[in-house]
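If you want the building blocks of each chain, they are given just below.
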Amino acid sequence: MSRRRTTLLALTGLTATALAAAPPSAAAVEPVPEKQPLAIGTGGAVAAVDPDATRVGLDVLAAGGNAADAAVAAAAALGVTEPYSAGIGGGGFFVYYEAATGEVSAIDGRETAPLAMGAGAFLDEAGDALPFAEAVQSGLSVGTPGTPLTWARALEEFGTLSLAEALEGGIRLADEGFVVDETFRQQTADNEEKFRLFQPTAELFLPDGALPEVGSVFRNPDLAGTYEVLAGKGVEAIYTGELAEEIVETVQDPPEAAGAAEVRPGLLEPVDLARYDAPMREPTRIDYRGLEIYGMAPPSSGGSTVGEALNILERFPLSSMADVPVLHSYLEASALAFADRNAYVGDPAYSQVPLAQLLSDEFAAERACAVDPVAALDKPTAAGSPDGEYGPCPAEDGPTAGEGAEGLSTTHLTVGDAAGNIASYTLTIEATGGSGITVPGRGFILNNELTDFTFKAADPTRPEPNLPAPGKRPRSSMSPTIVLDDGNPVLALGSPGGSTIITTVLQTLVNRIDRNLDLAEAIAAPRASQRNSPTPDAEPAFIELYGGDLGALGHEFVPVAELGAATGVEYLPGGLLLAAAEPERRGGGSAGVVQDVTGDVGPDDPQLAPELGQN
Ligand code: GLU
């Protein structure tokens, strides 16, 4: 069947201003097809990993809510349908563009370490790092959750709904249930051993002792009840109220299943929850080819590492280069930026992070000297010296840092509303299935975010910015990103994937801005991830396409099944919005718009990829 091609402007016949003024109507919402990876239309856009969450976000937009309202509502829905990646037991970073002020702001909802946690918390009696899995599935890995306060703050700062209103969709979903798909079943299977260690987790996620069946309805009345408590009493219930006590008890004395081995208890005390804050942070900003790229500042390394790599890449005329040299430059810039990330980025309250220098054009120019167009650098390559004194192409020195172990799960949610407000929100409980510990009767899993700390400094003679400390936030890689052009919204995106989040976001930006793929294609394209390793990861399709040519330059890829699961939203000329999600990875994501014209536009319309920036 051939698709009708119509120009985007002709389709809408409306300007962005007119669209913003048009009253939203719930009746106008069309059902979101299951896991549609591309949606084009008006009235607002949501891209998430899950169609139920996308639907909840779209309903809020259609009823007149803004991007912040829809993002919180969709996140609450993800807490139900993606309980192993997102939820009130975890944390995240919420980056927001407010059309009325033209400002980009960020909420830091990262988990914090207990006050009782010292630098050696993840070492055994002999001073060796604990086995990673043992640390994950323990009370020790659980930090004070930041997600509840992030939701409250996002609504307070930017939203129009109360928390109770924003939680309605999630409560309904938890009560009525969602249909189990293959991804949910598989994630449960992957976690089965961990979940069987803890009585309340096994009861909830392995009903009748078995994996949930694909096609069955999964209900979580306990979580509905917990959301009701938050709706009625506010998030204080989690930080100082009845739930706080239950969280502390659960972490200090994990509810092991009968016959299961005991796990390490955690250190959380009531004071750790009571003193928790999710502060507003100045987002990172760099200019890239005339566009403004905003990201998450430390304690995330997302904004600084994506930003530094883009600044390095800006030295190369990527849009006029062939794919292989573009990808070679991307891999090298990423390795250099990761060397600096590992050496210098941690919680800024605990060590001096040279953020301005890491993001300066002068530092990038110095680092770019290391990129040889015809040969890959030896990896790991040394960190640079972001000290404000830069010369042309210096010899490399400084600390060498490899990549630590990080979890591979999280979720990213992107919302753009008709008025131009954008929420770019990455949230996580760290590993898929987090610590594995469910708060009894409450329907949510506690995070294992504290395993994002470096357990033991690789080189004790050099400063290590990411060791545990009382109240400290572990370094993150989450990279919720917003791109503006002269202050106007262009696009937003993000991804899960531990430290590969950074490379997925970076590669997708290069695909969209420099290779001029449309956002859906930029997300779907095969990925590679170079995090300063002699053996970078790459998806089989990437290796098939580019492995030979890049191999000849010295890139030795290790195949991994998939990297990331990105979502994004773009504002197209003429007032249309494009929502994009994965077609395949993690079982496919879900893109939706309030008024959908996707079928009329056609996926290959050149107007879906207007040229961005000054290439
Ligand atoms: N905990 C990771 C981070 O903050 C994210 C987890 C993941 O995406 O796998 O960087």
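You'll find the structure just up there.
Heads up: these notes are all about the structure in this document. All values derive from a computational prediction rather than experimental measurement. (Residues numbered from 1 in each chain as written. Predicted model: local features only at pLDDT ≥ 70, side-chain atom pairs only at ≥ 80, totals over all residues. Heavy atoms only, no water.)

1. Focus on the overall build of the chain
Phase 1: Across its full length, the chain holds 22 helices and 18 strands.
Phase 2: The C-alpha atoms of the chain give 23 Å as radius of gyration, which agrees with the globular expectation for 615 residues (25 Å, within 12%).
Phase 3: Taking the principal axes of the C-alpha coordinates as reference, the chain spans close to 65 × 60 × 45 Å.
Phase 4: By the burial criterion, 62% of the 615 residues in the chain qualify as buried.
Phase 5: If you take every contact in the chain between residues at least 6 apart in sequence, the share linking residues at least 24 apart comes to 74%.
Phase 6: Entry remark: accessible area of the chain is about 21100 Å², with carbon and sulfur atoms responsible for 52%.
Phase 7: Positive and negative charge centroids in the chain, built from 34 and 87 side chains respectively, lie 1 Å apart. (Helix = DSSP H or I, 4+ residues; strand = E, 2+ residues; numbered from the N terminus. Rg over C-alpha atoms; globule rule 2.2 N^0.38 Å. Buried < 20%, exposed > 50% of the residue type's maximum accessible area, 1.4 Å probe, protein only. Contact = heavy atoms within 4.5 Å. Areas by Shrake-Rupley, 256 points an atom, 1.4 Å probe, with all protein chains shown as cover. Lys, Arg positive; Asp, Glu negative; His and termini not counted. Charge placed at Lys NZ, Arg CZ, Asp CG, Glu CD.)

2. Considering the site of the ligand
Phase 1: Around the ligand there are 17 residues in total, and Ser409, Thr410, Glu449, Asp452 and Ser477 lie nearest to it.
Phase 2: A distance of 2.8 Å separates an oxygen atom of the ligand from a polar atom in the side chain of Arg110.
Phase 3: With respect to the ligand, the side chain of Thr410 contributes an N or O atom lying 2.4 Å from an oxygen atom.
Phase 4: Considering only residue class, the shell around the ligand consists of 4 nonpolar, 8 polar and 5 charged. (Near = heavy atom within 4 Å. Polar contact = N/O pair within 3.5 Å; in protein donor to acceptor, adjacent residues only side chain to side chain. Nonpolar A, V, L, I, M, F, W, Y, C, P; charged D, E, K, R; others polar.)

3. A word on the environment of Ala356
Phase 1: For Ala356, the position within the fold is in helix H17 (residues 355–358).
Phase 2: Looking at Ala356, the relative accessible area reads 63%, which means it is exposed.

4. Some remarks on the pairing of strand E18 (residues 590–596)
Phase 1: The buried count for E18 comes to 6 of 7 residues, which makes it a mostly enclosed element.
Phase 2: With 6 bridges joining them, strand E1 (residues 38–48) and E18 adopt antiparallel strand pairing. Looking at the pairing, Ala48 lines up with Ser590 of E18. (Pairing = 2+ DSSP bridges.)

5. Quick look at the nonpolar core
Phase 1: Of all hydrophobic cores here, the largest spans 83 residues; its most connected members are Phe94, Trp151, Tyr227, Ile247, Leu413 and Val415.
Phase 2: No other element matches the 12 residues that helix H4 (residues 67–81) contributes to this core.
Phase 3: Once you skip the residues sitting within four places of it in the chain, Leu413 turns out to touch Val46, Ala47, Ala48, Ala71, Ala74, Ala75, Leu78, Ala423, Ser424, Tyr425 and Thr567.
Phase 4: If you look at the next biggest cluster of nonpolar residues, it comprises 67 residues, including Ile286, Val324, Leu493 and Leu509. (Core = buried A, V, L, I, M, F, W, Y, C linked by side-chain atoms within 4.5 Å.)

6. A few points about H4
Phase 1: Taking 1.5 Å of rise per residue, the 15 residues of H4 would be expected to cover 21 Å, and the 20 Å separating its terminal C-alpha atoms lies within 8% of that figure.
Phase 2: Among the 15 residues in H4, 15 count as buried, and that is most of the element.
Phase 3: Two to three positions downstream of the cap, the backbone nitrogen of Ala68 sits 3.0 Å from a side-chain oxygen, assigning the N-cap of H4 to Asn66. (Expected span 1.5 Å × (residues − 1).)

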